[in-house]
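Examining the three-dimensional arrangement
Next come the chains, spelled out residue by residue.
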Amino acid sequence: MKFFIDTANLKEIEEAASLGILDGVTTNPSLMAKEGIGGKAMIFDHYKAICDLVDGPVSAEVISTDFDGMIREAFELREIADNIVVKIPMTHAGIKAIKYLSDHDINTNCTLVFSQGQALMAAKAGATFVSPFIGRLDDISSDGIQLIADIRLIYDNYGFDTQILAASIRHPMHIIESAKIGADVVTSPLKPLLALLNHPLTDKGLEKFLADYRKNNP
Ligand code: G3P
């Protein structure tokens, strides 16, 4: 399973990368805005800075909602670095753009996916990644993890190689459940990712080991 970090914060990306377990980064316009990044030059510089920090895929989202605009932006974003993946929303124009970009060997991440039908269309269009938003489904009393399971079944039935990227992660159990169900990638904020490291028995056990060591090594 690949671990991506879902942030545009350079310090958080550095921290996750320093663990040696980071496979990529996803961003979106809201995460860029949170960092105070605005204006085309600043946005492109920031993507470049992120791409310099990680070797793996870095998702950068288009702002256009029409096909021509998406394609124009995709080719511009692609110039920033080889590891840029163009993030395209799941819309009528978005599917056409994903198909076009896939035919031109440009990696895409189909975002804002909330249903099995949307995921099937993304795979048919040749998306590199599909991003079901599990937290936002849970937020409206739907079942985000079940959607991952359903997409896994559909993709396996037909051998689609679109990678399932579990997004909108709220807590560490979203990561665990996504792993159990067979998501290819999880993109998480730093906090749930680091929470996977913790267990009270680990802390207690280490405390005891060190106390016992000190008995004969004052
Ligand atoms: O990057 C897309 C997704 O992970 C957004 O998450 O927390 O805004 O629902 P969230």
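Residues numbered from 1 in each chain as written. Predicted model: local features only at pLDDT ≥ 70, side-chain atom pairs only at ≥ 80, totals over all residues. Heavy atoms only, no water.

1. Side note on the pattern of salt bridges
- Scanning all chains against the criterion turns up 10 salt bridges.
- Here the salt bridges do not stand alone but share partners, grouping Arg 152, Asp 156 and Asp 184 into one network. (Salt bridge = Lys/Arg side-chain N within 4 Å of Asp/Glu carboxyl O.)

2. Some points on unusual backbone geometry
- Located in the positive-phi region is Asp 105, a residue other than glycine, with phi close to 60°.
- Here Asp 105 shows up in the loop between helix H5 (92–103) and strand S5 (108–113).
- Within the chain, Ser 141 stands out as a residue other than glycine whose phi angle is a positive 65°.
- Looking at where Ser 141 falls in the secondary structure, it is placed in the loop between helix H7 (134–139) and helix H8 (144–158).
- The exposure class assigned to Ser 141 is exposed, which follows from its relative accessible area of 71%. (Helix = DSSP H or I, 4+ residues; strand = E, 2+ residues; numbered from the N terminus. Buried < 20%, exposed > 50% of the residue type's maximum accessible area, 1.4 Å probe, protein only.)

3. What to know about the pairing of strand S3 (residues 58–61)
- Side chains of S3 alternate between two faces, with Val 58 and Ala 60 and Ser 59 and Glu 61 buried alike.
- The pairing of strand S2 (residues 24–26) with S3 spans two bridges and is parallel. Looking at S3, one finds that Thr 26 is bridged to Ser 59.
- Taken together, the four bridges between S3 and strand S4 (residues 84–89) define a ladder with parallel strand orientation. (Pairing = 2+ DSSP bridges.)

4. Quick word on the environment of Ile 134
- Counting through the fold element by element, Ile 134 comes out in helix H7.
- Taking the C-alpha atoms as reference points, Ile 134 and Ser 168, separated by 34 residues in sequence, lie 5.6 Å from one another.
- Look past the residues within four positions of Ile 134 in its chain and what remains in contact with it is Gly 144, Ile 145, Ile 148, Ala 166, Ala 167, Ser 168, Ile 169, His 174 and Ser 178. (Contact = heavy atoms within 4.5 Å.)

5. Thoughts on the site of the ligand
- Taken together, Asp 6, Asn 28, Lys 87, Phe 133, Arg 136, Ala 167, Ser 168 and Arg 170 make up all the residues around the ligand.
- In this structure, an oxygen atom belonging to the ligand sits 3.1 Å away from a side-chain N or O atom of Asn 28.
- Across the complex, the protein chains shield 83% of the 310 Å² of accessible surface that the ligand would expose by itself.
- Residues belonging to the shell around the ligand are distributed by class as follows: two nonpolar, two polar and four charged. (Near = heavy atom within 4 Å. Polar contact = N/O pair within 3.5 Å; in protein donor to acceptor, adjacent residues only side chain to side chain. Areas by Shrake-Rupley, 256 points an atom, 1.4 Å probe, with all protein chains shown as cover. Nonpolar A, V, L, I, M, F, W, Y, C, P; charged D, E, K, R; others polar.)

6. Observations regarding the side chain of Gln 163
- Mapped onto the secondary structure, Gln 163 falls in strand S7 (residues 163–166).
- Setting aside chain neighbours within four positions, we find Gln 163 in contact with Lys 2, Thr 128, Phe 129, Val 130, Asp 184 and Val 185.

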